[in-house]
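# Results of the structural survey
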Amino acid sequence: MTNDPSTCSNAVLRQAMRRIGQLYDDALAPSGLRATQHGLLATVRKMGSPTMRELAERAVMDLSGLSHTLKPLTRDGYLRLAPDPRDRRARRITLTEKGEAKLGETAQLWRGAQDRFEAVFGMERAVALKSELRILTSPEFQDAFNAAGAEMGTGTR
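Keep in mind the model is a prediction, meaning the values are calculated, not measured. (Residues numbered from 1 in each chain as written. Predicted model: local features only at pLDDT ≥ 70, side-chain atom pairs only at ≥ 80, totals over all residues. Heavy atoms only, no water.)

## Some points on the packing of helix α1 (residues 9–28) against helix α5 (residues 97–121)
Angle between the axes and distance between the axes: these two values describe a pair of packed helices. At a minimum axis separation of 8 Å, α1 and α5 run at an interaxial angle of 140°. The angle between α1 and α5 falls in the class oblique. Helix-helix and strand crossings are classified by hand; for α1 and α5 the assignment is right-handed. Here Ile 20, Tyr 24, Ala 27 and Leu 28 of α1 lie close against α5, whose contacting residues are Thr 106, Leu 109, Trp 110, Ala 113, Gln 114, Arg 116 and Phe 117. (Axes fitted to C-alpha atoms, helices over the stretch in contact; angles between N-to-C directions. Helix = DSSP H or I, 4+ residues; strand = E, 2+ residues; numbered from the N terminus. Parallel < 35°, antiparallel > 145°, perpendicular 65-115°, else oblique. Left-handed = near helix turned anticlockwise from the far one by under 90°. Contact = heavy atoms within 4.5 Å.)

Listed below in structure tokens is the structure:
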């Protein structure tokens, strides 16, 4: 067993995530949004009017991290948070007209970054990578990881 960070799956995945995030952030910079913000606007549009919890689950984020990320988007008028009419404890998120316009602007920039990624990395490899990464973000993988930890006596969360 080694403590070499270059063999740690978590470290390598985080490094790759930071590098790709930087490239996409640079591509979206003219819009004033970061790639994560564009992604949240697009996800809210796709989901309709999700609750904070639903959006956090979809984005694989904790509620406090999501709340922090949404603050500038609500402040700038791209998203609106309102109590759920059926459950006043929950808040629903909706894309505003201003948010829809910003999403149209950032979508073109994002598409350019996506096209460059696929051209450089290769379309077939990009499809395979996304397929593998979706497995890692699935609840089933989390359950299996936790079960393996319990079996090995290394603990779970």
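Back to the text.
## A short note on the nonpolar core
Judged by nonpolar contacts, the single largest core of 15 residues is most densely connected at Leu 41, Leu 55, Leu 66, Leu 70, Leu 73, Leu 79 and Ile 93. Listed by contribution, the elements that provide at least two residues to this core are α2 (35–47), α3 (52–59), α4 (63–75) and β2 (91–95). Setting aside residues up to four positions removed in sequence, Leu 66 forms contacts with Leu 40, Met 52, Leu 55, Ala 56 and Met 61. Listed in part, the seven residues of the second largest apolar core include Ala 27, Ala 35, Ala 113 and Ala 126. (Core = buried A, V, L, I, M, F, W, Y, C linked by side-chain atoms within 4.5 Å. Buried < 20%, exposed > 50% of the residue type's maximum accessible area, 1.4 Å probe, protein only.)

## Topic: the packing of α2 against α3
Where α2 contacts α3, the axes come no closer than 11 Å and their chain directions differ by 120°. Classified by the angle between their axes, α2 and α3 sit oblique to one another. The two elements α2 and α3 meet at a crossing, and its hand is right-handed. Contacts between α2 and α3 involve Leu 40, Thr 43, Val 44, Lys 46 and Met 47 on the former and, on the latter, Glu 54, Leu 55, Arg 58 and Ala 59.

## Digging into the UniProt feature "domain: HTH marR-type" (unreviewed entry) in the protein
UniProt records the feature "domain: HTH marR-type" (unreviewed entry) at residues 10–138, using the numbering of this structure. With 71% helix and 8% strand, the stretch residues 10–138 has end C-alpha atoms that lie 16 Å from each other. (UniProt positions renumbered as here; feature names shortened; annotations may be inferred.)

## Re the packing of aromatic side chains
Within this structure, the stated rule accounts for two aromatic pairs. Arranged with centres 5.2 Å apart and planes meeting at 25°, the rings of Phe 117 and Phe 121 form a pair that is stacked. With Phe 117 and Phe 121 both in helix α5 and four residues apart, this pair spans about one turn of that helix. (Phe/Tyr/Trp six-rings, centres within 6.5 Å; stacked < 30°, edge-to-face > 60°.)

## With respect to the side chain of His 38
Positionally, His 38 belongs in helix α2. A residue is classified by how much of its surface remains accessible, and His 38, at 7% relative accessible area, is buried. Filtering out sequence-adjacent residues up to four positions away, His 38 remains in contact with Leu 28, Leu 103, Thr 106, Ala 107 and Trp 110.

## Considerations on the pattern of salt bridges
One pass over the full model with this rule turns up 10 salt bridges. We note a salt bridge from Arg 75 to Asp 76, for which the minimum N-O separation is 3.0 Å. Judged by its relative accessible area of 63%, Arg 75 falls in the exposed class. Of the residues examined, Asp 76 reaches a relative accessible area of 28% and is grouped as partly exposed. Measuring nitrogen to oxygen at the nearest pair gives 3.5 Å for the salt bridge that ties Glu 118 to Arg 111. Assessed through its relative accessible area of 35%, Arg 111 is described here as partly exposed. (Salt bridge = Lys/Arg side-chain N within 4 Å of Asp/Glu carboxyl O.)

## A closer look at unusual backbone geometry
A positive phi angle, near 55°, is found at Val 60, a position not held by glycine. You can see Val 60 is positioned in the loop between α3 and α4. With a relative accessible area of 56%, Val 60 lands in the exposed category.

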